[in-house]
Amino acid sequence: MLELKENRTEPQISWNQPDEPQLSPRFFERREVRIVGFSALGIFGAIILIFGFFYVKFARMIDRRLAAGAFSNTISIYTRPRTIGVGDALTPEEVVSRLRHSGYSTSRANPMGWYNVRPEVVEVYPGLDSYTGGQPVVLEFAKGKLARILAAGDRSERQSYELEPQLITNLSQHREERRHLIRFAEIPPALVNAVISAEDKHFFLHSGFDFTRIIKAAYMDMRSGRKEQGASTLTMQLARGVWLEPEKRWTRKMEELFITMHLEDKLTKQQIFEDYANEIYLGRQGTFSIGGFGEAARAYFGKDVSQLTTAEAALLAGMVQRPSYYNPARYPERARDRRNRVLALMRRNGYLNAEQYRQAVGSPVTITAEPSDSVGSQYFIDLMNDELQTRLDSREQHARYIYTTIDPDLQQAAQDAVDIGMKAVDRQLHGREHPKTPRDPPQVALIALDPRTGEIRALVGGRDYGVSQLNRVLAMRQPGSAFKPFVYAAALDTAIQGGRQIFTPASVLSDTPTTFTFNHTSYQPGNYGHEFMGDVTLRTALAHSLNNVTVQLAQLVGYEKVVAMAQRAGLNKAIQATPSVALGAYETTPLEIAGAYTMFANQGMHVTPATISLARAPDGTVLYQHQPEGHAALDPRVAYLMVSMMQEVLRSGTGAAARSLGFTLPAAGKTGTSRDGWFAGFTTELLCVVWVGFDDNRELNLDGARSALPVWTEFMKRAAKMREYRDAKAFQAPQGVVTANICADSGQRAGDDCPDKRYEVFISGTQPATECELHGIGAHGGLGTPR
């Protein structure tokens, strides 16, 4: 039987259908082009976005900074104003120098103020930014003195005039620098031409980048194989100097690019040049940087920038490249060669003709620097900066103008006195040190303040700030006998507070060798020179700084009351109630001692030392104004008795050398000798403390009368010639103080037979009622005045 099979044929699939489109190679080429194009657009867009982001970021930062001022982060530190008067020893040159340091110039556009000089005449015109807000005046001079002060308007005569505070320094981003801001109108054409010839000759033509110079610099660098040529324009240098930190980062060049573009967009060329002229670093003066051509003109040539000659302008422009290397004060030949290269560039660029070039190249390099107030005031500025942070706290960042309490004339007197006095100390110590083991020289601290307000007028913290920045005014040291007045004040205060015994300046104690026991420990003080005087009054004991009597007195009064008195005067809490406290064994600082002595000089009122008078924001808002911080620490009657006894120190005691050295104003004070030498003293107008010693705390082996007192005396003699301090008056007794004639030996009321009589001061009711028994009927001298 046949099987039928179905013949089935599988359909064949053709992969090359004639009706399907074919993809040509050109199609793929076009697709690749589109991909590349879109990618390029994406990358370009990303670049634009990134560029725009950073440009806007830096634009906002720059706009904020420009709105506040290019140097808004700079704090200007000023001295206190100075009052001048008819008859003062003063010359036109000195007044002009002070005006320059106050920010004045010869330009009438100067917002601080301007001046005009004629023979023996200086016209002063305060500006809108003037601190004093004074009226224009005409100062006339004759024979080295200020002869007349006339109002510029109605020519009415005045007896005195207040000069503006002088700029000490600027604090900028934690740097100390001196900067005198100038306007473009004040910059002489010679300086503009010198700078652009040396640094950027196409400055007024390009838009921030000199592409021709960039290409040339790149070519020269490639040929030499190292970076030799710079291509930075003035705008790029300004961008780096003002808006960028100095550290090296790969992004810094990009940031510089953005800032440069925005500066060129926002500012005119004149504004850019003005900011550049104020910002550029031009060396150092002492420990301070010199910022800008305005300050450099003063530092190197002693004149306003507007008065620079062509040669001087070229020298300053040449310093921009390497300020320290071309410093004319240290390397005059280098500076001259660099100056002449700049002059040659100015000649080539058509800014000088042949005769001008010849005269400028032939002129010598002459440095006539104005004396810098900041050179001797660095220690003060350090202390002021500490107070600024404490007083203003979070408001410190808003401060722009700080007017301090320092008197520049008195500061110079302090520095001169220190220099003279320490040379004398060196001579006395000469030969004591072994030549093979030389040591650091003795150091010094001086602080002077107004005893009524606590405002510090002068401060020296060491012999040379450049060598050591340690401020000895803040160094903890044993004050020695400079502490004794607090012992005697505690004793005299018994007349007010009461006690087992009431002490007066006429109370008598025995100066003989004595052993004191405290906490099962024996203590036997000796006098300086190991001499004892027998029975003495408290006045005599303090005048001659008798140790034994002082410890006796502290024991009788109570060591706790002595410590309490010291702390009422502002001394530190570490002082302990032990016998050695009476002799100043516990450490304190010259600053503390100065503050504590205001209690005596200010009729019993203690005032806290201060360095800042006024702090202002850029818009003039007052952020802080000093008000004396004081409290009644001592009854005025006790304070007067202490002043009278401390006057005896200078009259007949350990401080008498001050009188023999020529200081004659009414004054009171106390010597101190520990490992160091001290003297603290005051008039009604000025209080000054001087410390002399070694930093390593080894023995000075000079008492205070031979180390610190001569420095104090030299300083006070100089201060006595100044208007503000020369009219020191006799100390006035307050109501409740009486005078009685006593026997100097017994301290009792003087009798007819007493060989040594004198008048003594007492708080009313404590004067001796008993006639002298030592030279009269009896032979017993009382320990104290019975209550």
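Being a predicted model, the structure only gives us computed values, none of them experimental.

1. Let's talk about the overall build of the protein chain
- A tally of helices and strands in the protein chain yields 22 helices and 28 strands.
- Taken over 787 residues, the protein chain has a buried fraction of 52%.
- The contacts in the protein chain between residues at least 6 apart in sequence include a share of 67% that link residues at least 24 apart.
- Per element, the accessible surface of the protein chain, about 37600 Å² overall, is 52% carbon and sulfur.

2. Quick look at helix H12 (residues 378–392)
- Taking 1.5 Å of rise per residue, 15 residues should cover 21 Å, and H12 covers 21 Å from first to last C-alpha, within 8% of that figure.
- Every buried residue of H12 is accounted for by Gln378, Tyr379, Phe380, Ile381, Leu383, Met384, Glu387, Leu388 and Leu392.
- Looking at the residues trailing H12, positive phi occurs at Asp393, about 55°.

3. A closer look at the packing of helix H17 (residues 547–557) against helix H18 (residues 559–568)
- Where H17 meets H18, the closest approach of the two axes is 5 Å, and the angle between their N-to-C directions is 100°. With respect to H18, the element H17 is oriented roughly perpendicular. Contacts between H17 and H18 pair Val551, Ala554, Gln555 and Val557 from the former with Tyr559, Lys561 and Val562 from the latter.
- In the contact of H17 with H18, the residues fall into five nonpolar, one polar and one charged.

4. Points about the sheet that holds strand S4 (residues 121–126)
- Pairing within the open sheet is antiparallel, and its five strands lie in the order S3-S4-S5-S6-S7. Of all the strands in the sheet, the pair left with one neighbour each is strand S3 (113–118) and strand S7 (157–158).
- Of the strand pairs in this sheet, S3 and S4 are connected by six bridges, and their pairing is antiparallel. Looking at the pairing, Tyr115 lines up with Val124 of S4.
- Along the sheet, helix H2 (residues 92–101) contacts S3, S4 and strand S5 (137–142); its crossing angle with S4, the most-contacted strand, is approximately 20°.

5. Topic: the environment of Tyr300
- Along the chain, Tyr300 falls in helix H8 (residues 292–301).
- A relative accessible area of 3% places Tyr300 in the buried class.
- When the C-alpha atoms of Tyr300 and Asn327 are compared, they prove to be 9.2 Å apart, with 27 residues separating the residues in sequence.
- In this structure the side chain of Tyr300 is engaged in a polar contact, spanning 2.8 Å, whose partner is the backbone oxygen of Leu282.

6. Brief notes about the packing of aromatic side chains
- Per the counting criterion, the structure on display carries 17 aromatic pairs.
- Consider the rings of Phe486 and Phe600, whose centres lie 5.5 Å apart with planes at 35°: the pair is tilted. Placement of the pair is Phe486 in helix H14 (residues 484–492) and Phe600 in helix H19 (residues 590–601), with a sequence separation of 114 residues. Across the pair, Phe600 and Phe486 agree in class, each one buried.
- Each member of the aromatic cluster is reached from another via a ring pair, and the members are Phe184, Phe203, Phe204, Phe273 and Tyr276.
- In this structure, Arg334 is placed above the aromatic ring of Tyr331, and the distance from its NZ or CZ to the ring centre is 4.0 Å.

7. Quick word on unusual backbone geometry
- Of note, Gln603 is a non-glycine position whose phi angle comes to about 55°, a positive value.
- With a relative accessible area of 55%, Gln603 lands in the exposed category.
- Located in the positive-phi region is Asn697, a residue other than glycine, with phi close to 70°.
- One can find Asn697 in the loop between strand S26 (687–693) and helix H22 (704–719).

8. Here's the deal with the confidence of the model for the protein chain
- On average, the protein chain scores 86 in pLDDT, and the residues at 70 or more come to 83%.
- Segment residues 13–17 is flagged for pLDDT under 50; beyond a separation of four residues in sequence, or across chains, it makes zero contacts in the model.
- Contacts of residues 778–787 to residues separated by more than four positions or lying in other chains number 21 contacts, the stretch itself having pLDDT below 50.

9. Section: the pattern of salt bridges
- Here the structure, examined in full by the defined rule, presents 33 salt bridges.
- Here Asp409 and Arg82 are joined by a salt bridge, their closest N and O atoms 3.1 Å apart. Within this pair, whereas Asp409 is found in helix H13 (residues 408–429), its partner Arg82 is found in strand S2 (residues 82–85), the two being separated by 327 residues in sequence.
- In this structure, Arg718 engages Glu714 in a salt bridge whose closest nitrogen and oxygen atoms are separated by 3.0 Å. Of the two residues, Arg718 and Glu714 both sit in helix H22, four residues apart, roughly one turn of that helix.
- Connected through salt bridges with shared partners, the residues Asp450, Arg452, Glu455, Arg457 and Glu685 form a single ionic network.

10. Quick word on the environment of Gly604
- Structurally, the position occupied by Gly604 is in the loop between H19 and strand S20 (605–607).
- For Gly604, a relative accessible area of 0% gives the class buried.
- Beyond its immediate stretch of four places on either side in the chain, Gly604 contacts Met599, His631, Ala632, Ala633, Leu634 and Ala639.

11. Topic: the sheet that holds strand S25 (residues 677–682)
- Here five strands make up an open sheet; going across it, the order is S15-S14-S26-S25-S24 and the pairing antiparallel. Among the strands making up the open sheet, the edge pair consists of strand S15 (456–460) and strand S24 (668–673). For this sheet, the mean angle separating the axes of adjacent strands, direction not counted, is 5°.
- Relative to S26, S25 is paired through six bridges, and the arrangement is antiparallel. Directly across from Ala680, in S26, lies its bridge partner Val689.
- On the sheet, H22 packs against strand S14 (443–449), S15, S24, S25 and S26 and is oriented at approximately 35° with respect to S25.

12. Some remarks on the packing of helix H9 (residues 310–319) against helix H10 (residues 332–348)
- Viewed as axis vectors pointing N to C, H9 and H10 meet at an angle of 105°, and their least axial separation amounts to 8 Å. When the interaxial angle is binned, H9 and H10 end up roughly perpendicular. The residues of H10 that touch H9, namely those facing Thr310, Ala311, Ala314, Leu315, Ala317 and Gly318, are Ala335, Arg338, Arg339, Val342, Leu343 and Met346.
- Considered class by class, the residues forming the contact of H9 with H10 number eight nonpolar, two polar and two charged.

Quick notes on the rules
Residues numbered from 1 in each chain as written. Predicted model: local features only at pLDDT ≥ 70, side-chain atom pairs only at ≥ 80, totals over all residues. Heavy atoms only, no water. Helix = DSSP H or I, 4+ residues; strand = E, 2+ residues; numbered from the N terminus. Buried < 20%, exposed > 50% of the residue type's maximum accessible area, 1.4 Å probe, protein only. Contact = heavy atoms within 4.5 Å. Areas by Shrake-Rupley, 256 points an atom, 1.4 Å probe, with all protein chains shown as cover. Expected span 1.5 Å × (residues − 1). Axes fitted to C-alpha atoms, helices over the stretch in contact; angles between N-to-C directions. Parallel < 35°, antiparallel > 145°, perpendicular 65-115°, else oblique. Nonpolar A, V, L, I, M, F, W, Y, C, P; charged D, E, K, R; others polar. Pairing = 2+ DSSP bridges. Polar contact = N/O pair within 3.5 Å; in protein donor to acceptor, adjacent residues only side chain to side chain. Phe/Tyr/Trp six-rings, centres within 6.5 Å; stacked < 30°, edge-to-face > 60°. Lys NZ or Arg CZ within 6 Å of the ring centre and 35° of its normal. pLDDT = per-residue confidence, 0-100. Salt bridge = Lys/Arg side-chain N within 4 Å of Asp/Glu carboxyl O.

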